[in-house]
Each structure stands twice: as structure tokens, then as C-alpha cells.
Amino acid sequence: MAIPIELDHASRQSLQGQIFEQLRHLILGGRLKPGTLVPASRVLAEQLGISRNTVLLVYDRLIAEGYLQARKAIGTYVNLELPETCLAATRRIATSASTHTETAKRPMIPFVGPTPAKRNTQHLDFDFYPDRIDLDLFPLKIWRRFINRTFTSTVTHFTECCDPGGLPQLREVIADHLGIARGISVSADQIIITGGSQEGLNLAARLLVKDGTLVATEDPCYQGAASLFESYYAKLIPIPVDEDGLDVEQLPRDGVTLIYVTPSHQYPLGFTLPMERRLKLLDWARRCGAYIIEDDYDSDFRYRGSPLTALMGLDDHGCVMYLGTFSKSMGAGLRLGYLVVPKALIPAARSAKALLNNGHAWLDQATMAEFIRSGAYGNHLRRMRNIYSKRHDCLIDALREHFGAVQLSGLESGLHLAWHLPHNYPDASELQTLALRQGVGIYSIGSGTTSDFGKGSYSTRTVVLGFSSLNEYQIRAGIRRLAHAFTDLPVESVRSGLGAHAGLSSSLHYKNTGY
């Protein structure tokens, strides 16, 4: 390790004194931390081009004053415990610096936006966090085999720059997958590989959003999207969500540049946008000159019927950008997603992506491409769908067993569902707090990864329950624990009549459960 020491041979101060003072300042300033091994005297002498004896004298003095400690047969270290005299010297240095120097006022950071939400850090026995996948389902052995095969066959790619838009092989297999699974006919050139869906949102915002841009979002919506657009100084326009998803009739007639939607499984309520509204939304975007970001975050997991064609598959006017991710099927730690852009945006999107990070790690992309091409990805998805379908049904059964005719939405697909509370239950946030005391994690709208603008009818009376990271035993035990938590409530009608839904409309329940 080379230590940053500069010697002035024209100075009146001796070389020994200069080295001593500079090493002392490095130690007191924290740049040489306690326990750090300093260079051997011979090495430092060669670095500075001076006599080794000069360095030895400096080290002896620093050892004598308590800054360094010599360990026989090992070397010389910065002392683990600096003496009080050293600490006093630190205070004198700090006081001197503050007295004789002036710090210019730095400009304010232009970035805006709240800190991203973090999961509850307390220990939970049963955590129904939405969209968290089961780590035990990752195809570790198969993935390791593909990594080894890819690594040994084309190792020279480690020394080459990747295409900023992503590995061509991966973009090609994604295009094929989307054509079959989502009815989207696109070329590989329209696909930009991203570090998860959040970077895809960042890329779209970089292309289209600036200070004052009108951006419409669902209300409620994914917090990561709302916070991102706010960070670009966009003006958000919340559009209410009803039992059929985004209420297209309430969209502004003009002025909106971009709208962010989750039509296949509205986040977090789970409603599916019907074909009639999809076509109206596309017509609105065409007339207004707006772009649509279609976030299809968990489209790989559908349990009831066939999925509707994606908005981009219905788009004939280049209005839609399609956002996909492997975070829900493979794992968020892989950091692989993709943004599919209309042909008119290809040059701008590729340029913007190159400026963001100039591409992603080659090995992960190449492994994922081979994983998909071999058919292993399709087998993996079928296995996960089968397991998650059982957990999905288990959660519904457990809720009905302990709470009666529960009112649920978002049951056709995805990794979570929404429970709409009856009027004789506490608000969702109060229920969430009650559950936490029992070691159970449930999530109200506006907590976790959701943004709520406070105008929707679901704001205070809906709980989001994820089921993909819990096995069936844990799901039943967690809901049983939640039901027991109700015994702590003072409201007699709730304790004695769990599941009583008097006065609630049954249309939502029968329309969305599929039972």
C-alpha cells in the first residue's frame, strides 16, 4: 500500500520532520485507521527515494509517542488505542482548521423525492409482504450449470464492453417470449435490458419527464414509480381505480405526457383492466399524444383463465412502453429487467441507456438467455405457478375459515391479494399495528411499497397480503394468529362476529374471486 506523502526538498523542515507530520496527520484524520498495517521501512524509503534510516527514525518516534505499534515478525501498525495526547492533538487540529479556513456554501441538491420504503425490520413469525418470492424455489443447481457452461465457452467477453441496450441473445429470447406469453410482436432492437424494473422506469422518465411534466398514475399505485416521477419534478395526476382498474373516463383530456399503469394486475389492489377500457386508454393516448408505461410486473403468474393481451400488443400507434422484470420469477437480486420501447424511441432510449450505465454484467445476461432458450425457464415458471397457486388458494381458505365471507380482489393472478375490510373492523393501519404485535406482517395501502394519494375509496379499508414467500403451513398459522389478535380489540361486535359483512356490496367479491 502506497501512502500519500509528498516531500519538499527545498523546505527548511527536515525530511524526517516532514514524514513524521504527514503520517501523524493521516492517523489523526482517520485516513490511516487503527490496526492498519503501514508499509515496511524499506518499501516507504523506496517510494520516497530517501534513506531507509530516515524512515526508521520516523517510525521509532511515532511508536514512542503512541501513534504506531511494532509487532515482532509481523510489521508496524497504527495503534488500536491512541493515547489521550493524540486525541487532544486531533481536537487542536480540528479547531485550527475551523478558525483559519472558510467553507463556501454548497448549492442545494436538486434531487427531490422521498426515501424508498423499507420493509419492517423487526422479527416477524409470519410476514405477508407483497411480491416477495420464495428463495427455496430458485433453480440453483440448473442455474449453476448454465453459469459454468456459459463461463467456460465464452470467457473472452469479460474483457469486452457490452452493448448498452443489452446482450443481443437475451433480447431475442425475450422478444420470442413476449410474442407467445403476452401477444406482443416486437423486434429485439426495441428491447433495452435494465437493472430491474426500477431502472426501466428511470430510463422512461429520463426520456420524457422534466420539471412540470404532467404524469398520470393510478391511485393507489406502486411507490417506486410515484417517487421516481416526483424526483424529476413531474406533476402527478392521480386517477382513481375501481373494480375494473383505472377509471379511464377520469383521465384529463389533454396536457398529460405520460401515464403509468399496471393493467394486468393493478398494484396493489389486483384489479384487471378489461378489454373495453384497454382500447379506450389506447385511444386516449393517441388523441392526447401521451405515452403509456405498461408495468407487467407479475404477468407470469396467472391462476384463473387466460390473460388479456398486453396493451402493447393492442397498440397500433406506438404509444406504449412495456416494462418487464425477472425479479418475480427468478429473484430481485439478479437485477434483470427490460423496457420495450416503440420504434420511434429506439435511438433515444439506447443513447440514454448508454449514459446511465453503458450496459450490465455480461455473464448474468448470457446465462439468462441460455436458461430461457433451453426451455428451463418455462419449466421453472410452470413449477412456480403450481406452487403459488396452492398457496394462493390456501390463503383464501384460511381467511374464510377465520373471518367468514371475506371481500377480496386480485385473485386471478399475481403474488398478493387485497382484503377489503368490513365496516365493523378497525382501519387497515390499526389492524396492521395489531398484527405486528403478534408477529404477523400485513400491509395497509400507503405502507410498504404502495403510494396512496388519499382520494380513493380503498385508502383506509384495504389490507395487502402477499403469499408467495410463505408455505401453506405458515399461511394457515399466520392467519390463525391474526384472528387471535382480534381478541385484543375492545369492540364486542368484532370479537363476536368475525366475518360479518352486513351492508357490504357483494359484487366485488363474486366478480373477482372466480369461485
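Residues numbered from 1 in each chain as written. Predicted model: local features only at pLDDT ≥ 70, side-chain atom pairs only at ≥ 80, totals over all residues. Heavy atoms only, no water.

## Considering unusual backbone geometry
Then, number 1: Put simply, D219 and P220 share a cis peptide bond, and its omega is 5 degrees.
Then, number 2: Note on placement: P220 falls in the loop between β5 (214-219) and β6 (221-222).
Then, number 3: With an omega of 15 degrees, the peptide bond running from Y267 to P268 counts as cis. (Helix = DSSP H or I, 4+ residues; strand = E, 2+ residues; numbered from the N terminus.)

## Examining the confidence of the model for the protein
Then, number 1: Confidence in the prediction of the protein, expressed as mean pLDDT, is 87, and 87% of residues score 70 or more.
Then, number 2: Predicted confidence is poor over residues 495-515, with pLDDT under 50, and the contacts of this stretch with residues over four places away or in other chains come to 55 contacts. (pLDDT = per-residue confidence, 0-100. Contact = heavy atoms within 4.5 Å.)

## Points about the nonpolar core
Then, number 1: F128, L281, M368, L399, F403 and W419 are the most contacted members of the largest nonpolar core, which has 90 residues in total.
Then, number 2: With eleven residues, helix α13 (residues 376-403) is the largest single contributor of residues to this core.
Then, number 3: Discounting chain neighbours no more than four positions away, the residues touching W419 are L399, F403, V406, Q407, L408, Y425, L431, R461, T462, V463, L465 and L482. (Core = buried A, V, L, I, M, F, W, Y, C linked by side-chain atoms within 4.5 Å. Buried < 20%, exposed > 50% of the residue type's maximum accessible area, 1.4 Å probe, protein only.)

## Concerning the packing of aromatic side chains
Then, number 1: This model, assessed by the stated rule, comprises 16 aromatic pairs.
Then, number 2: Here the aromatic rings of F326 and Y377 are separated by 5.8 Å at their centres, their planes lie at 75 degrees, and the arrangement is edge-to-face. One end of the pair, F326, is in the loop between β11 (320-325) and β12 (337-340); the other, Y377, is in helix α13, with 51 residues separating them in the sequence.
Then, number 3: For F326, a relative accessible area of 3% corresponds to the buried category.
Then, number 4: Since its relative accessible area comes to 3%, Y377 is described here as buried.
Then, number 5: Within the aromatic cluster, the residues linked to one another by ring pairs are F138, W143, F146, F326, Y338, F371 and Y377.
Then, number 6: One cation-aromatic arrangement involves R71 over Y77; the distance from NZ or CZ to the ring centre is 4.1 Å. (Phe/Tyr/Trp six-rings, centres within 6.5 Å; stacked < 30°, edge-to-face > 60°. Lys NZ or Arg CZ within 6 Å of the ring centre and 35° of its normal.)

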